[in-house]
Amino acid sequence: MGCDGGTIPKRHELVKGPKKVEKVDKDAELVAQWNYCTLSQEILKRPIVACELGRLYNKDAVIEFLLDKSAEKALGKAASHIKSMKSVTELKLSDNPAWEGDRGNTKGDKHDDLQRARFICPVVGLEMNGRHRFCFLRGCGCVFSERALKEIRAEVCHTCGAAFQQDDVIVLNGTKEDVEVLRKRMDERRLRAKQEKKTKKPKAAESVSSAGVSEDLPGPSKIKSCKPEDPGLEKKGPSAPRGAAAVSGTSSGKAGKPPGAAPKRSIADSEESETYKSLFTTHSSAKRPKEESAHWVTHTSYCF
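Residues numbered from 1 in each chain as written. Predicted model: local features only at pLDDT ≥ 70, side-chain atom pairs only at ≥ 80, totals over all residues. Heavy atoms only, no water.

> Help me understand the confidence of the model for the protein chain, please; the structure alone is not making it clear to me.
Any residue range with low pLDDT should be treated as having predicted coordinates unsuitable for detailed reading. Of the residues in the protein chain, 63% reach a pLDDT of 70 or more, and the chain-wide mean stands at 75. Across residues 219-241 the pLDDT falls below 50, and counting only partners more than four positions away or on other chains, this stretch makes eight contacts in the model. Here residues 243-255 is a poorly scored stretch, pLDDT under 50, and it has four contacts once near neighbours within four places are set aside; other chains count. (pLDDT = per-residue confidence, 0-100. Contact = heavy atoms within 4.5 Å.)

And the structure:
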């Protein structure tokens, strides 16, 4: 079949040889890594976050992934190490003043320079387009080029002044070797955090138990010492016997007084001065003779 009309097939058309390995265009790969979200494959828009392995994401895409971790999403494997929002860091990026975006290409007749980056290094001025190595600090989220950190060595961030260590420096979109090193750091950091939580739990339980024991045991401030030389005890009168209080309570039909209660004293029996006693109605000066009393009786005897 075939070869009609005098066509002569060649050998490469009839014999199938080994397939050639497809090579990925480096420029296209750089554009995909630095301009698109790793999880949703959409253009990176602020707020932009980065994981502990140095990959870039849109913050909205990470939140949606954490809320809906369905197995149908093939791209979910790229973010399987993200357990919560604490696993990512929001980046503080510096805009590139030479980048126009889509503003100059309104008619579609202008060439888009994909190598022109949206962000630059605030120290050296290098564009963040993948041609130069960039990194960020896990504590504050500031982004710099690796050249800036090497030329200006300091233990403090160049923009915000926050202190950092060498383990806090994470390379963005690094090589396979860089990703392996960052993964080891991530595992060690999470293992260290778990051990700290385990050590804090028994300490908290011991503090709670010790606080409960201290509350049960009375301290020196709670124990009151009763001395016979206390002058306040001498002023109190003798307490009534229990038997008498019970008898008086049952005979009158009312509840008896507690056994430790002191009897009432009148102002006439006290040792105060006569001037002070005359202020009360029980004093003899407040009582009037029968001649001065009225011929009619009221509720009180003070009405004239």
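After that view, the rundown keeps rolling.
> Explanation requested: a nonpolar patch on the surface in the structure shown.
Taken together, the side chains of I63, L67 and M85 present a nonpolar region at the surface, about 290 Å² in accessible area. As for its position among the elements, I63 is in helix α3 (residues 59-67). (Patch = residues over 30% accessible without salt bridge, like charges linked within 9 Å, V, L, I, M, F, W, Y side chains within 5 Å. Areas by Shrake-Rupley, 256 points an atom, 1.4 Å probe, with all protein chains shown as cover. Salt bridge = Lys/Arg side-chain N within 4 Å of Asp/Glu carboxyl O. Helix = DSSP H or I, 4+ residues; strand = E, 2+ residues; numbered from the N terminus.)

> Got a minute to help me understand a positive patch on the surface in this structure?
A surface patch of positive charge is lined by K69, K83, K86, K194, K197, K198, K200 and K201. Within the secondary structure layout, K86 lies in the loop between α3 and β3 (89-90). (Lys, Arg positive; Asp, Glu negative; His and termini not counted. Charge placed at Lys NZ, Arg CZ, Asp CG, Glu CD.)

> Mind showing me how you'd approach the sheet that holds strand β6 (residues 134-137) here?
Across a sheet, strands are paired by hydrogen bonds formed along the backbone, either parallel or antiparallel in direction. Here three strands make up an open sheet; going across it, the order is β7-β6-β8 and the pairing antiparallel. At either margin of the open sheet sits one strand with a lone partner, and together these are β7 (143-145) and β8 (169-171). Direction aside, the axes of adjacent strands within the sheet are offset by 35° on average. With three bridges connecting them, β6 and β8 associate as antiparallel partners. Residue L137 lies in a different strand from β8, and its bridge partner there is V169. (Pairing = 2+ DSSP bridges. Axes fitted to C-alpha atoms, helices over the stretch in contact; angles between N-to-C directions.)

> Before we go on, may I ask you to explain the pairing of β6 in this structure?
Both faces of β6 are covered, namely the face carrying F134 and F136 and the face carrying C135 and L137. Bridge count between β6 and β7: three bridges; the pairing is antiparallel. Bridge pairing in β7 places F134 opposite S145. (Buried < 20%, exposed > 50% of the residue type's maximum accessible area, 1.4 Å probe, protein only.)

> What is the right way to read the nonpolar core from this model?
Y57, L91, M128, F134, V143 and L172 are the most contacted members of the largest nonpolar core, which has 41 residues in total. For this core, the element with the most residues is β6, which contributes four residues. Not counting residues within four places of it along the chain, the set of residues in contact with V143 comprises L91, K92, L93, P122, M128, F134, C135, F136 and L172. (Core = buried A, V, L, I, M, F, W, Y, C linked by side-chain atoms within 4.5 Å.)

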